[in-house]
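Descriptive analysis of the structure
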Amino acid sequence: MSINKGKEIAEGSSIPATVVAAAIVVGGDQRNPPPLSRYESQKRRDWNTFGQYLRNQRPPVALSQCNANHVLEFLRYLDQFGKTKVHLQGCVFFGQPEPPGPCTCPLRQAWGSLDALIGRLRAAYEENGGLPETNPFASGSIRIYLREVRDSQAKARGIPYKKKKKKRNPLKANEVSSSFPIQQP
């Protein structure tokens, strides 16, 4: 690629031609951004899926009109594509972590998948211009729904949910590590 290519890109731009040319030589054409991380790809895919869900509603729902009820409906809609067997209270396998046989209980979305989805959509909403105060994914009703899903799935499996404890740093701020002593001059 020539330096002239960089000048052509920089014309009419506030970016100096030398900076554009250097970027082209070092990093390639700026119009091809680096590939997205797995998280960013999932977030974009989830955001597009939610937008499509809203457009498919009758009548279609504008993103600016979206509220927590639409999000809850979306989460319930996703249950039909779930792969996690959640035993109903009347099932003989209810409360058994590893049931010995098949049953007719429904497949649902796993709590962890829904929790991660909401986290990604919450971030995507704000990245796409939504205000944190109006974020429907941050609503209290969403948190309550996720807590209910988590608890019901834990009961159905017979394994209580245990919150992970945060790891504490064994060194305090004023302690010095014995393996790397600081020498005074």
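I will try to describe carefully the structure that is included in this document. (Residues numbered from 1 in each chain as written. Predicted model: local features only at pLDDT ≥ 70, side-chain atom pairs only at ≥ 80, totals over all residues. Heavy atoms only, no water.)

This next bit is on the packing of helix α3 (residues 38-56) against helix α4 (residues 68-78). Where α3 contacts α4, the two axes come as close as 11 Å, and the packing angle between them is 105°. Relative to α4, the element α3 is oriented roughly perpendicular. From α3, Thr49, Phe50, Tyr53 and Leu54 reach across to α4, where they touch His70, Val71, Glu73, Phe74 and Tyr77. Here the contact of α3 with α4 is built from residues that sort into six nonpolar, two polar and one charged. (Axes fitted to C-alpha atoms, helices over the stretch in contact; angles between N-to-C directions. Helix = DSSP H or I, 4+ residues; strand = E, 2+ residues; numbered from the N terminus. Parallel < 35°, antiparallel > 145°, perpendicular 65-115°, else oblique. Contact = heavy atoms within 4.5 Å. Nonpolar A, V, L, I, M, F, W, Y, C, P; charged D, E, K, R; others polar.)

Let us look at the packing of α4 against helix α5 (residues 111-127). Viewed as axis vectors pointing N to C, α4 and α5 meet at an angle of 140°, and their least axial separation amounts to 12 Å. The angle between α4 and α5 falls in the class oblique. α4 and α5 meet at a crossing whose hand is right-handed. Residues Val71, Phe74, Leu75 and Leu78 of α4 form the contact with α5, whose own contacting residues are Leu114, Leu117, Ile118 and Leu121. Per-class residue counts for the contact of α4 with α5 are eight nonpolar, no polar and no charged. (Left-handed = near helix turned anticlockwise from the far one by under 90°.)

This part covers the packing of aromatic side chains. Scanning all chains against the criterion turns up 10 aromatic pairs. Seen in terms of ring centroids, Phe50 and Phe137 are 5.1 Å apart; in terms of plane orientation they differ by 70°. Their pairing is edge-to-face. A residue pair is termed long-range when its members are at least 10 positions apart, and Phe50 in helix α3 and Phe137 in the loop between α5 and α6 (140-157) qualify at 87 residues. Grouping residues by exposure puts Phe50 and Phe137 together as buried. Ring geometry for Tyr77 against Phe81: centres 5.4 Å apart, planes inclined by 80°, an arrangement best described as edge-to-face. By the ring-pair criterion, three or more aromatic residues cluster together here, those being Trp47, Phe50, Tyr53, Phe74, Tyr77, Phe81, Tyr125 and Phe137. (Phe/Tyr/Trp six-rings, centres within 6.5 Å; stacked < 30°, edge-to-face > 60°. Buried < 20%, exposed > 50% of the residue type's maximum accessible area, 1.4 Å probe, protein only.)

Attention now goes to the state of the cysteines. Counted according to the given criterion, the structure contains zero disulfides. With no disulfide of its own, Cys91 lies 3.6 Å from the sulfur of Cys105, the closest cysteine sulfur. Accessibility expressed as a relative area gives 16% for Cys91, which makes it buried. No disulfide involves Cys103; its sulfur sits 3.7 Å from that of Cys105, the nearest cysteine. A relative accessible area of 21% means that Cys103 is categorised as partly exposed. (Disulfide = S-S within 2.5 Å.)

Quick reminder: α-helices carry 3.6 residues per turn. Residues three or four places apart thus point the same way. Here α3 spans 27 Å end to end across 19 residues, near enough to the 27 Å set by a 1.5 Å rise per residue. Buried within α3 we find Lys43, Asp46, Trp47, Phe50, Gly51, Tyr53 and Leu54. Projected down its long axis, α3 shows its buried positions confined to an angular sector of 155°, all on one face. Relative to its buried face, α3 has exposed residues pointing more than 90 degrees away, namely Arg38 and Arg44. (Expected span 1.5 Å × (residues − 1). Arc of directions from axis to C-beta.)

Okay, the nonpolar core next. The biggest cluster of nonpolar side chains holds 23 residues, and the ones touching the most others in it are Phe50, Val71 and Phe137. Elements represented by at least two residues in this core include exactly α3, α4, α5 and α6. (Core = buried A, V, L, I, M, F, W, Y, C linked by side-chain atoms within 4.5 Å.)

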